[in-house]
Structure formats: structure tokens, C-alpha cells
Amino acid sequence: MKVLIIGATGYLGPHVVKALEDHHQLLLTDIKPPKENTPHPFQRVDVSSMEQVQRAAEGMDAILNLSVLREHRRIAFDVNALGCYNIMRAAVDHGIRRVINTGPHFTITGPLYEGIDHGITPDVPPHPSTILYALTKSLGQEICRVFSQHHDVYVLDYLFYNFRDPKQVKRGSGGVPFIVSWDDAGEAFRLGLEIELDRLPSRCEIFFISADMPQGKFLNEKTRRVLGFKPKDDLAFLWRRP
Amino acid sequence: MNRRHFLQGAGILLTGGSSLDREAQASSQNERRILITSGETELAQVIADHLGRDRGVRLTGLTAVPSRFPFTACQLDHDSATDELVQGVEAIVHVADPPAGAGEREQIDHLTRRTYNLARAAVDAGVERLLFLSTLELMTGYDEDFLVSERWRPLPTTQPSVLARHLGEYTCREFAREQKLQVIVLRLGKVVKAAAVKGQAADPLWVEEREVAQAVAGALDAKLSDHAQGVGRWRVFNVQSEFPGSRFPVANAKGALGYRPWFKP
């Protein structure tokens, strides 16, 4: 499959590339080139530019959107919301039927969920809050959802909270109750590219990409059930007594 | 420097010296100060005229235009100009029309980023209420024989003008959810001027612009409380003319806002 990766040189991108490069033909794009040499072609693409996204999408079978901007008011809207609009337009225009979008957990389940509830699943009405990062990503996800309702394009929205390398963290060091290892995160993208689209419950599905967490706050059950996600890295030791 | 020169220097336009102007200037100093966005548009001007009878009204827009009300040009960016714009304002009527001829990018940007900047500044300035003017085109995806009330889920299309309004609602809703602002969404039909459409076949979505102004006035005065159809901080109302063949029921606006549609095409 020819896969366009937008935001390929950020924190998550290299791990996704590592998980996919033996299985798919990758086109890496970002506003900055990769730090290390890569065998994959690279294009400079600003996701907020419709023209650049359209050009990069030509001939692709799937788009992965890993782009993100958290703090600057204007650029956050440009990247997180308008960027999704550009990607979905490009997907429709080029007949690309599979998009994997990404965002933080509070794209859907903001502080009103996290602060109060347990057993939180991704299939709840979005309450992102007014936090700039959360709201702009949530607007982007909503744009993806609306496009999927009107066009033959499937969107898998992967939500993350924190990433850890299990080799770099200590027993008992704790953390937020929604963590995944970089390797398992990459594997989730391989699964998302390989699942047959008609096996998805709808054309827009949201997944929590998380290891099995002992707190029972955010649940990865849907990701396991629908995508066949089986996180290899057990991170529960983060909350076990040293 | 007199007040007029001072205000003009600050980007505030005051025109003429008629009694209407004096009324407008006087009303701008009343306690109930209302800020209306997209002041360049005819709809904003009609709303200002209606509200200006008994409220202090100020207009803002991306481009300054002559007005009998104080007008401040503002890009609604994340900056001190937006912060200053909302100082001393009790309520905002966010008409939220993108500039004429705006492309898809500008339409979405206007309804999301600028709306967010405005709402954020409003919260910081202690503004109590924001009226967001949306569109009933969000609801036309349902079968025409359904009586679609405000409790039905919006069905936005990917047409930028419709999608952008939906995203504007989405943005405002979070401010209401966090109880930072009272938000009233008025979903308008297709806004027309009665004289301009006289003799034409009626569109089931028509709403006369003065009806909109009347609904806005009602929404500014409405008492918000917990209610079976919505919590006090977030309310949505259908606003369109009411005539044989009109598309959406307006009973809730009539009941809660005192809306009295009169236009019969």
C-alpha cells in the first residue's frame, strides 16, 4: 500500500515508520526533514497548505496524519483543524479511502471525563474542553467525521495520552492512566492499515491506543476487539511498588 | 483632542451629527452594552438598529465601515485589540459572517479560530452571554416531513459555509460546557428582506431580517435556567419565518425568547 505520512519527523513519526517500512511503500512529509538518513522519499509539506497536501496525496492509498501543534493560537487552528480539512479534501479528490488521524485523548474525553469517570471508552460524545490543543484537535476530528458521513472515505482516529519506552522508566514511577509504548503505538498503525474497511463498524471510528492499564480509567477494549491490538509492552509495573 | 477625534484615532467610526447619531452615541454609553460582530453586513446593521433603541450597541468587523453606531475594526486575532474590544461588554451577538468572497480556508478559520479568540477574550473580560448566529442548513439533512426541533442532532455537510457554522457551534459549546459563558445559538433560516423577495416563490427556510433582530433581542433578555430542553448555559433555537410550508418549528423560540414571526411570503 502507498502510504502518505504527514508529520513524519515528529516524536511519533519515526516509530510509525519503523513499524510500517517492511510492509508498505511510504512517502514521508513534514515541515522539517528527517534528522537521520531515511530510505524513504521525503517531501516538505505544511499540512495547513491545501496545495501541498493535495500534491503529496496524488497516487496514495492511505494517509496517516501525525501532525500536531499544541500552543500557538493561530498555528494550532491551522494545523489541527484546517489540516484535517485539507487531508479529507485531498482524500476525497484522490479517491483515498483510508485515513488514520491522530490526537490526544482529550480530543474526545476532556477533563470532564478524566476528572470524574472510570471505564471511559472512545465512543462517547466529545467533550474536549476549551483547552486550545484539545479543542483544535477535536475540531479536526469532527471535520473528519463529517467528511466520512458524506464521502466514501474511512477514518480511524487514534487517540493517545502518553508514550513511554519501557526500558527507560522505573518500577513505581507512575504516570497518567493511559500510556503506550512507542513500539506498540507503531504497531497500531500497521493494524489500522491492514484491517479490511468493511470490518469497521462505521466509516469513522475512534480508538484509544493504550497499553493495558491497571486503573480501569480509559479502556482499550475496542482497540483490541476491532483492530486486534495486543500491546506487547506491559506498563503496569509503573504503578507497582519498587 | 475631542471625543470624536479620540475615537476615530482608535479605529472607532462615528458619522454625522443627526439626532439618530446622538441617540446612537448616547445609547453606547448605557449600561447594557452589546457588541455585534460582522458589523459590515446588512444583518448586523439591522440587528444594531433594533437593539439600539434601548441598549448601548457597538459594532465590530474586519473592515471599518461608516455606521451610526460606534464601530471598531478588529481582526479577532489573539491580541490586545480583541481583548480591548470586549471590555465593558455585557453580551456579544456573534453574527460571524466570513468576509464576502471568502474561500473555504477563510470560512473555517473565521468560524473557528476567530470565534475562539472572541470567546476566550469575552471570558477574560467577564462577558456574560454570547449569541452565536448559526444556520438551519445544519438540519436540512432530515426528511422534510419531520418536525425537526433543536434537540435533533445537526447533520452538517462538507460544504464550507455549512461545515464552518457547525464548527463554530462546536467551539462555542465548549465554553458553555465549562460554564464560562452563557451561549445561545440561533439557527437562522435563509435571511431575506421582505421587500427584496416580494412576489417570489417562497423558500421554506426564509426568515425576514427584522425577525432575526427580534429573536436576537429576545435572546439577550431571556432568562436561562435548567430546562428539559437544555441546560441554562447552552441553548439552541430554530429561528425562521412561520408560514404554510415553512420548514422548521419555532415554538421553542416563541416560548422562551418571545419570538413573534410576522413575515408571510
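Anything mentioned here points back to the structure above.
The following paragraphs examine the structure supplied in this document.

Thresholds applied
- Residues numbered from 1 in each chain as written.
- Chains lettered and ligands numbered in written order.
- Predicted model: local features only at pLDDT ≥ 70, side-chain atom pairs only at ≥ 80, totals over all residues.
- Heavy atoms only, no water.
- Helix = DSSP H or I, 4+ residues; strand = E, 2+ residues; numbered from the N terminus.
- Contact = heavy atoms within 4.5 Å.
- Buried area = accessible area lost by both parts, 1.4 Å probe.
- Salt bridge = Lys/Arg side-chain N within 4 Å of Asp/Glu carboxyl O.
- Polar contact = N/O pair within 3.5 Å; in protein donor to acceptor, adjacent residues only side chain to side chain.
- Buried < 20%, exposed > 50% of the residue type's maximum accessible area, 1.4 Å probe, protein only.
- Pairing = 2+ DSSP bridges.
- Right-handed = clockwise from strand over helix to strand, strands pointing away.
- Phe/Tyr/Trp six-rings, centres within 6.5 Å; stacked < 30°, edge-to-face > 60°.

Along its length, chain B carries eight helices and 10 strands. Counting contacts in chain B only where the partners sit at least 6 residues apart, residues at least 24 apart contribute 66% of the total.

Glancing now at the interface of chain B and chain A. At the interface, 27 residues of chain B touch 27 residues of chain A. Of the roughly 2,600 Å² buried at the junction of chain B and chain A (both faces included), carbon and sulfur atoms supply 60%. A salt bridge links Arg-89 of chain A to Glu-104 of chain B, with the shortest nitrogen-to-oxygen separation between them at 3.5 Å. At the surface where chain B touches chain A, the tally comes to 19 residue pairs in polar contact (both at pLDDT 80 or more). Within the residue set of the side of chain B that touches chain A, elements represented by two or more residues are helix H5 (104-125) and helix H6 (160-177) of chain B.

A few words on the pairing of strand S2 (residues 25-30) of chain A. Residues and elements named next belong to chain A. Among the six residues in S2, five count as buried, and that is most of the element. Bridging between strand S1 (residues 2-6) and S2 involves five bridges; their strand directions are parallel. Looking at S2, one finds that Ile-6 is bridged to Thr-29. Between the parallel pair S1 and S2, the chain is carried across by helix H1 (residues 13-20), and the sense of this crossover is right-handed.

Right, let's get into the packing of aromatic side chains. On inspection of all chains with the given rule, the structure shows 18 aromatic pairs over all chains. For the ring pair Phe-160 of chain A and Phe-189 of chain A, a centre distance of 6.3 Å and an interplane angle of 15° mean the geometry is stacked. Residue Phe-160 of chain A is located in strand S6 (residues 154-160), and its partner Phe-189 of chain A is located in helix H6 (residues 182-194); the two are separated by 29 residues in the primary sequence. The pair formed by Phe-160 of chain A and Phe-189 of chain A is uniform in burial state, with each residue classed as buried. Ring centres of Tyr-142 of chain B and Trp-152 of chain B lie 4.8 Å apart, and the angle between their planes is 90°; on these two criteria the pair is classed as edge-to-face. Of the two residues, Tyr-142 of chain B sits in the loop between strand S6 (129-135) and H6 while Trp-152 of chain B sits in the loop between S6 and H6, which places them 10 residues apart along the sequence. On the accessibility criterion, Tyr-142 of chain B (17% relative accessible area) is buried. Since its relative accessible area comes to 26%, Trp-152 of chain B is described here as partly exposed. One aromatic cluster in this structure is built from Tyr-158, Phe-160, Phe-163, Trp-182, Phe-189 and Phe-207 of chain A.

Geometric values such as these leave the question of function open.
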